[in-house]
Amino acid sequence: MLFQLKMVYQKEDLYALANAVAQNGAISRGWSVIKSSTRKVLYSVEGVLLILMGCFMIALPLIHGDRQPHMLVFGGLTLFLGLLALFFWKIPNINSWLTWKRYSPKNTEVLVEFCEDYFAGYMPTGESRTSYTVIQKLFEDQARYFLFVNKNSAVVVRKDDFTVGDPNEFGTWIAEKTGEKFTKLR
């Protein structure tokens, strides 16, 4: 065993994982990644414009006295879409929160060992051994490494939880082992 860590997954780890999954999906589709603050502003502007347009579509027929049902329906739909857009930027956080609520092994210690040919995870419910060949992409933020085994699943490795080995050496070692380069998360 070259590296070992003991950790208990926290809510913040799932939030960070959701961010990494979103960025991984955007990169794999060739999209540029938009910072969440920029995304919030864009959705807010879109939401306000749709709300104004919906109000206009509802108010115009009422002001002129001719009640056109299709204008009221489309105005209401546009108004609804505007309200939805105002809160749409929060959906990744909502998904992370729901995932955390459903995450059953809360407060369960996970032991992860990184050996020469495989890495192994040990939990009270069982263990798994995995070859490094399944790791497709590597991401990193200030507190964690994310070892993606497919587009939507990653092993989260918190840097502060190493009991054997140095986290910085681990980053260099796993990059060499997999032949992948780390992508820094925003």
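Each chain carries its own residue numbering, running from 1 in the written order of its sequence. Local features in a predicted model are, by the rule used here, given only for residues with pLDDT of at least 70; side-chain atom pairs are given and counted only at 80 or more, and totals for whole chains, interfaces and linings are based on all residues. Neither water nor hydrogens contribute to the side-chain values; these are computed over all heavy atoms in the structure.

A. Focus on the packing of aromatic side chains. Two aromatic rings, drawn from Phe, Tyr or Trp (for Trp, its six-membered ring), form a pair once their centres lie within 6.5 Å of each other, and the interplanar angle then sorts them: stacked below 30 degrees, edge-to-face above 60, tilted otherwise. Taken as a whole and judged by the stated rule, the model has 12 aromatic pairs. Relative to W173, the ring of F3 has its centre 5.3 Å away and its plane inclined at 50°; by these criteria the two rings are tilted. Pair noted here: F3 is in strand β1 (residues 3–7) and W173 is in helix α5 (residues 167–178), with a separation of 170 residues, a long-range link. For the pair F3 and W173, a shared accessibility class is recorded, and that class is buried. Geometrically, the ring pair formed by F162 and F170 is tilted, given 5.3 Å between the ring centres and 50° between the ring planes. Only protein chains enter the accessibility calculation, which uses a 1.4 Å probe; a residue is then buried when its area is under 20% of its type maximum, exposed when over 50%, and partly exposed in between. Overall, F162 belongs to the buried group, its relative accessible area being 13%. Here a set of aromatic residues connected by ring pairs shows up, and it is made of F3, F114, F119, Y132, Y145, F162, F170, W173 and F182. Secondary structure counts use DSSP, requiring at least four H or I residues in a row for a helix and at least two E residues in a row for a strand, with both numbered from the N terminus.

B. Spotlight on the pairing of strand β3 (residues 118–123). Any two strands with at least two DSSP bridges between them are considered paired. The pairing of strand β2 (residues 110–114) with β3 spans four bridges and is antiparallel. Looking at β3, one finds that F114 is bridged to F119. Between β2 and β3, which follow one another and run antiparallel, lie three residues. Where β3 lies against strand β4 (residues 126–131), six bridges are found, and the strand directions are antiparallel. The residue of β4 that forms the bridge with A120 is R129. Linking two consecutive strands that pair antiparallel, namely β3 and β4, is a turn of two residues.

C. Layout of the sheet that holds strand β6 (residues 144–148). If you walk across this open sheet you meet the four strands as β7-β6-β5-β9, and the pairing is mixed. In this open sheet, the two strands that pair with only one neighbour each are β7 (154–158) and β9 (182–184). Sheet twist, expressed as the average angle between the axes of neighbouring strands with direction ignored, equals 25°. In this sheet, β6 lies alongside strand β5 (residues 137–140) in antiparallel orientation, the contact comprising four bridges. Residue pairing for β6: F139 is matched across the bridge by F146. Every residue pair with non-hydrogen atoms within 4.5 Å of one another is taken to be in contact. Axis geometry follows a simple rule: fit a line to the C-alpha atoms, using only the stretch in contact for helices, then measure angles between N-to-C directions, giving values from 0 to 180 degrees. Across the face of the sheet, α5 comes into contact with β5, β6, β7 and β9 while running at roughly 15° to β6.

The values reported here are purely geometric and, on their own, carry no functional implication.
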